[in-house]
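Summary of structural features
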Amino acid sequence: RRPSVAVVFGGASSEHGVSCLTAASVVRALDRSRYDVVGIGITPDGRWLRVEADDVVALATVDGQLPSVPEGHPTAVLLHGTGAVQLASRDLDTLLDPVPVDVAFALLHGPFGEDGTIQGMFEMLGLRYVGSGVAASAVSMDKQLMKQVLAASGLPVGPYTAFTAAEWRDDPSARLDAVLSLGLPVFVKPARGGSSIGISRVDDPDHLAAAVETALRHDARCVVEKGLVDVRELECGVLEGPDGLEVTAAAEIRTRTASGFYDFQAKYLPEAEQVELLVPAEVDPVLAERLRDTAVRTFRAVGAEGLARVDTFVTADGQVVVNEINTMPGFTEHSMFPMVWAASGVAYPELVGRLLEHALQRPLGLR
Ligand code: ADP
Ligand code: MG
Ligand code: MG
């Protein structure tokens, strides 16, 4: 029988719609003569349901929202360690027939998707899956942990300070002093997040406290970074294959947004034309080699697997600073990661195929 792929998408995060569109792209690109597809959608209110492959593709035309679930429909998925998924109602009164699954592809970004939680569930169930494992996912999602791990491996990260909501409430002025000693502008971020959600650039000290409050609405800990100005924003895609790691040429993001950075609008409403993506970027050979080396070392430092996008800032004199590694980068056909691979000769359907092949060949259990 053909290997069966569980495409897991949707979710309770602010990136629900993006995830539905991604699932539609992936299922459309999947070679259905080689793989069976089992769609597993997670509704915004956290219910799980099976979605037929063609209905996943159709999500591209219904505004990227899962349709509402009929009354009485079983909406929880049990994933068996025996390589099958089974749909059940929450009270387990109604059980549908189990469906075989050989590999899971979770197209979920941010917390409860890219942060090791669903990866932990797959591990417990003995299910192979695309991408990084529990620890690498969790470390990469957390901007403070990530910087600590990268710095410990000798990778260049920018100056920053971090504190919890409780520490902020205890002594806000001590926290503000620590932030201001970085110099303005700063970037205030929830420790764990993505798509620029909850991030502010602060140029005026009077706006700092509000930016901290905003970040702390998204996570109980925030990271404040020195704002790097006059830097280029360059990103590389990394893929793990049978012969080790492959890295794309770098791509560049140039933003002219009102916020002064690559914000949520610029990422998802690019028709606003406030953002220019150069794929590939114009990069001299010395810098190209430095970026490639940084991408590989960053991937290895966090222990990533399968795929990642490594994002850097490059100063005028060619110094590379790692901004972040994303273990489940944006993955619609028009997202940066598939675009850099297309520019490096790996088209979207081949990219999807390679990720699945790699995941299917990974040994189960401790690796
Ligand atoms: P996310 O994980 O949500 O993508 P990032 O840390 O990548 O968050 O920040 C989003 C964007 O904000 C970056 O792509 C960049 O444009 C800008 N940015 C973030 N941190 C800095 C910084 N320290 N200096 C300059 N620009 C920054
Ligand atoms: Mg990110
Ligand atoms: Mg980013």
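Here goes a summary of the coordinates provided.

How each quantity is defined
Residues numbered from 1 in each chain as written. Chains lettered and ligands numbered in written order. Predicted model: local features only at pLDDT ≥ 70, side-chain atom pairs only at ≥ 80, totals over all residues. Heavy atoms only, no water. Near = heavy atom within 4 Å. Polar contact = N/O pair within 3.5 Å; in protein donor to acceptor, adjacent residues only side chain to side chain. Areas by Shrake-Rupley, 256 points an atom, 1.4 Å probe, with all protein chains shown as cover. Nonpolar A, V, L, I, M, F, W, Y, C, P; charged D, E, K, R; others polar. Domains from an automatic or database assignment. Helix = DSSP H or I, 4+ residues; strand = E, 2+ residues; numbered from the N terminus. Buried < 20%, exposed > 50% of the residue type's maximum accessible area, 1.4 Å probe, protein only. Contact = heavy atoms within 4.5 Å. Pairing = 2+ DSSP bridges. 1 Å grid on protein atoms, 1.4 Å probe; cavity = no way out; pocket = protein on both sides within 12 Å on 5 of 7 lines; lining within 4 Å. Points joined across faces, edges and corners; volume = space filled by probe spheres on them. Core = buried A, V, L, I, M, F, W, Y, C linked by side-chain atoms within 4.5 Å. Donors = N, O, S within 2.8 Å, 3.2 Å for Na, K, Ca; no water. Axes fitted to C-alpha atoms, helices over the stretch in contact; angles between N-to-C directions.

Here the focus is the site of ligand 1. Close to ligand 1 lie 19 residues, the nearest being K143, K189, S196, E233 and K267. The side chain of E225 places a nitrogen or oxygen atom 3.0 Å from a nitrogen atom of ligand 1. A distance of 2.9 Å separates an oxygen atom of ligand 1 from a polar atom in the side chain of E324. Burial of ligand 1 by the protein amounts to 95% of the accessible area it has alone, namely 540 Å². Within the shell around ligand 1, the residues separate by chemical class into 6 nonpolar, 6 polar and 7 charged. Formed jointly, the shell around ligand 1 draws a minimum of three residues from each of two domains, domain 2 (139-156 + 229-361) and domain 3 (160-226).

Assignment of secondary structure puts E225 in strand β12 (residues 221-226). For E225, a relative accessible area of 8% translates into the label buried. There is a polar contact of 2.9 Å between the side chain of E225 and the side chain of K147. When neighbours within four sequence positions are excluded, E225 is seen to be in contact with K147, P159, Y160, L182, P185, V186, F187, K189 and N323.

Here strand β18 (residues 320-326) lies mainly inside the structure; 7 of its 7 residues are buried. As defined by bridge partners, strand β17 (residues 307-314) adjoins β18 across 6 bridges and the pair is classed as antiparallel. Looking at β18, one finds that F313 is bridged to V321. Hairpin remark: β17 followed by β18, antiparallel, with 5 residues in the connecting loop; positive phi at G318, about 85°.

This brings us to empty space enclosed by the protein. On inspection of all chains with the given rule, the structure shows 2 cavities of 30 Å³ or more. Surrounding the largest cavity, 16 residues form its lining, A106, Q119, V130, G131 and M328 being those nearest its centre. Among the elements of the structure, β7 (103-106) and α3 (117-125) are those that each provide at least two residues to the lining of the largest cavity. The element best represented in the lining of the largest cavity is β7, accounting for 3 residues. By residue class, the composition of the lining of the largest cavity is 9 nonpolar, 6 polar and 1 charged. Both domains that meet at the lining of the largest cavity, namely domain 1 (4-129) and domain 2 (139-156 + 229-361), each give it at least three residues.

Here we take up the nonpolar core. Core analysis: the largest hydrophobic core is formed by 40 residues, its most contacted members being V7, F105, F331 and L356. When residues are assigned to domains, this core turns out to be shared by domain 1 (4-129) and domain 2 (139-156 + 229-361), each giving three or more. For V7, the contacting residues outside a window of four places in its chain are A23, V27, L30, V37, V38, G39, I40, F105 and L107.

Another point: the coordination of the magnesium ion (ligand 2). Only E324 (OE), E324 (OE) and N326 (OD1) from the protein reach the magnesium ion (ligand 2) as donors, at distances of 2.2 to 2.4 Å. The distance between the magnesium ion (ligand 2) and the magnesium ion (ligand 3) comes to 3.7 Å, and E324 binds to both of them. Here E324 and N326 have matching classes, each one buried.

This part takes up the sheet that holds β12. Across the sheet, which stays open at both edges, the 4 strands sit in the order β9-β12-β10-β11 with antiparallel pairing between neighbours. Lying at the two open borders of the sheet, with one neighbouring strand each, are β9 (160-164) and β11 (200-202). With strand direction ignored, the average angle separating the axes of adjacent strands in the sheet is 20°. Sheet topology note: the strand β10 (residues 186-190)/β11 ladder contains 3 bridges and is antiparallel. By the bridge assignment for β11, V186 is matched with V202. Contacts between helix α8 (residues 208-218) and the sheet are confined to β9, β10, β11 and β12, with β10 contributing the most and set at about 25° to the helix.

The omega torsion of the bond from L184 to P185 falls at 0°, within 30 degrees of zero and hence cis. Tracing the sequence through the fold places P185 in the loop between α7 (172-180) and β10. Note the cis peptide between V279 and P280, where omega equals -5°. Its place among the elements puts P280 in the loop between β16 (275-278) and α10 (285-302). Positive phi outside glycine occurs at S195, with the angle close to 60°. One can find S195 in the loop between β10 and β11. Notably, S196 is not glycine yet its phi reads approximately 65°, a positive angle.

Strand order in the open sheet formed by 5 strands is β3-β2-β1-β7-β8, and the pairing between neighbours is mixed. Since the sheet does not close on itself, it has two edges, and those belong to β3 (48-51) and β8 (128-129), each with one partner. For strand β1 (residues 4-10) and β7, the ladder comprises 4 bridges, and the chain directions are parallel. By the bridge assignment, V8 is partnered in β7 with A106.

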